[in-house]
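Structural overview
As a plain string of letters, each chain reads:
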Amino acid sequence: MAWRPAVMGLILIFALIIFEEWVSIPSCKLVPTSSTDLELDLDHPDDLKVMLVANLLLLGSESSFFNSNFRDYYLSKFFRKSFESLKPDMLLVLGDVSAKGSELTRSKWVSVLQQFHGLLGPFIGLPYHVILGDRDIGECSKLNVKLVNWMASNFPGLDSAGCGAFEISNISFVSLNAVALLCGNNNLRFGVEKVVERESVDLQIETEGAAEVMNKASKLRETDHNFGWKENSISSGSGPVLLLHFPLYQTVDSNCSGFNAFKRTLKHSRESSNMLGSRRLVETAPYKLSQSLPRNATEYIFQALKPRIVFSAHTHEFCDQFHSDGTREVSVPAMTWNARDDPGFVVATFHRNRRAVSVSYCSLARESHVIIVYVSFVVLFLSTTPLLRYLRIL
């Protein structure tokens, strides 16, 4: 009958809408640790649930038609569905908001910022914090201090050096400009060191008392600006949650070898992502994906801040590992199809009355799978139209 093709077309359209909603929902798995009580009281109202994303690689006004109408469209849906299903209390973005921000003029950066704010959607009403990555501000040899100051002013809580410190639900967070820590003696790096020293003094005051700390302060700091810092008596893990773009230097288990068992349980493997070849946007990064902070900077951070847990990014991969002093570091994967076929993000839950932090890895739909489904829908839709039957006759 003549009405059947139209009905079939409508059914396919409704099916595609349902598919888009379903495929945008993240799949999250709790990362196992040596602690046996992490799965208890996960949904207690006093817990702080934080969603951490990285490497959004937004293009702003330079976005292509395909990116604007497909990748960016789905990235926005990923954010909305993640918010609806996980109900986080805060959003943290660990750098590389822009794909090539260090090459952009201020006017083009404005278009990236507009795209970013449009992407946040339901997160606008929540506390959020953004740190700067190497794609945002460039490599050391090309750092424009004025541009960094301007970019930092456009994100909440960042000082002129691109660092920040804040507290929420009695949990302290410190974010550092990791790119500046790679550089030599410049104002940005000195600004980062000042933040580290200030936070270290605050930490010691909380544990030792103001008079004793201020008496030691001048003796603890060295003046050669080579990340010099004498060991303090604060125990590891007593400090703030540390947010970085570059991972810290790792002396052991640098390949997350102890984490392979969990990775094998994930539905999405790494190999199929690499089968699609390197992405163009990945190849143009100022620093290689294997870049980490140098050993001396890492030791300086550990000695001064004694971080409770470290969250980093840049590698585009998810990784959960422990440093030699027992400090846990979680690397947040890229959350865009511009970087990998299987993007993802991390959810961290800070539990009430405990220092334990549970971490969940959340995977998102593969771009290759979504494209295959779209192509299948198009073929099915065309097969129901009189136009295709007419072409077959010809």
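Please refer to the structure placed before this passage.
Below or above, wherever it landed, is the structure these notes cover.

Conventions and cut-offs
Residues numbered from 1 in each chain as written. Predicted model: local features only at pLDDT ≥ 70, side-chain atom pairs only at ≥ 80, totals over all residues. Heavy atoms only, no water. Helix = DSSP H or I, 4+ residues; strand = E, 2+ residues; numbered from the N terminus. Buried < 20%, exposed > 50% of the residue type's maximum accessible area, 1.4 Å probe, protein only. Contact = heavy atoms within 4.5 Å. Areas by Shrake-Rupley, 256 points an atom, 1.4 Å probe, with all protein chains shown as cover. Pairing = 2+ DSSP bridges. Axes fitted to C-alpha atoms, helices over the stretch in contact; angles between N-to-C directions. Phe/Tyr/Trp six-rings, centres within 6.5 Å; stacked < 30°, edge-to-face > 60°. Salt bridge = Lys/Arg side-chain N within 4 Å of Asp/Glu carboxyl O.

Looking only at helices and strands, one finds 14 helices and 12 strands in the protein. Looking at the protein as a whole, 52% of its 394 residues are labelled buried. Expressed as a percentage of contacts within the protein between residues at least 6 apart in sequence, the contacts between residues at least 24 apart total 78%. Of the roughly 18,300 Å² of accessible surface on the protein, 56% is carried by carbon and sulfur atoms.

Bringing the pairing of strand β11 (residues 344-350) into the picture now. Counting buried positions over the seven residues of β11 gives seven, a clear majority of the element. Alternating positions in β11 separate into two faces, Gly344, Val346, Ala348 and Phe350 on one and Phe345, Val347 and Thr349 on the other, with burial throughout. Relative to β11, strand β2 (residues 48-53) is paired through five bridges, and the arrangement is antiparallel. Pairing of Leu48 across the sheet is with Phe350, part of β11. In terms of strand pairing, β11 meets strand β12 (residues 357-363) through seven bridges, oriented antiparallel. Across the sheet, residue Val346 finds its bridge partner in β12, namely Tyr361.

Another aspect to go through is the environment of Lys87. Tracing the chain through its elements places Lys87 in the loop between α2 (65-86) and β3 (90-94). Given a relative accessible area of 59%, Lys87 falls into the exposed group. Note: C-alpha distance between Lys87 and Phe123 (36 residues apart in sequence) is 9.8 Å. If near-sequence neighbours (up to four positions away) are discounted, Lys87 is found in contact with Lys49 and Ser82.

Another point: the sheet that holds β11. Taking strand neighbours across the sheet as the criterion, the six strands line up as β1-β12-β11-β2-β3-β4 in an open arrangement whose pairing is mixed. Edge positions in the open sheet fall to β1 (27-30) and β4 (128-131), since each of these has one partner strand only. Across the sheet, the mean angle separating the axes of adjacent strands is 20° when strand polarity is ignored. When β3 meets β4, the two strands line up parallel, connected through four bridges. Residue Val93 lies in a different strand from β4, and its bridge partner there is Val130. On top of the sheet, helix α3 (residues 106-120) reaches β3 and β4; it is set at about 145° to β4, its chief contact.

A separate point is the pairing of strand β8 (residues 309-312). Going residue by residue along β8, you find Ile309 and Phe311 tucked away on one face and Val310 and Ser312 tucked away on the opposite face as well. Two elements, strand β7 (residues 241-243) and β8, share three bridges in a ladder whose sense is parallel. The residue of β8 that forms the bridge with Leu242 is Val310. By the bridge criterion, three bridges tie β8 to strand β10 (residues 328-331) in an arrangement that is parallel.

With that out of the way, let us pick up the sheet that holds strand β9 (residues 319-322). Spatial ordering of the open sheet is given by β5-β6-β7-β8-β10-β9, a layout of six strands whose pairing is mixed. Each having just a single partner strand, β5 (164-168) and β9 make up the two edges of the open sheet. In this sheet, adjacent strand axes meet at a mean angle of 20° when their direction is disregarded.

Applying the stated criterion to the full structure yields 18 aromatic pairs. Judged by centre distance (5.7 Å) and plane angle (80°), the rings of Phe173 and Phe350 are edge-to-face. Here Phe173 is found in strand β6 (residues 171-175), whereas its partner Phe350 is found in strand β11, with 177 residues between them in sequence. We note that Phe173, like Phe350, is buried.

Counted according to the given criterion, the structure contains 18 salt bridges. With a closest N to O distance of 3.3 Å, Glu84 and Arg80 form a salt bridge. Here Glu84 and its partner Arg80 are both found in helix α2, four residues apart, which amounts to about one turn of the helix. For Arg80, a relative accessible area of 29% corresponds to the partly exposed category. Here the salt bridges do not stand alone but share partners, grouping Glu21, Lys77, Arg80, Lys81 and Glu84 into one network.

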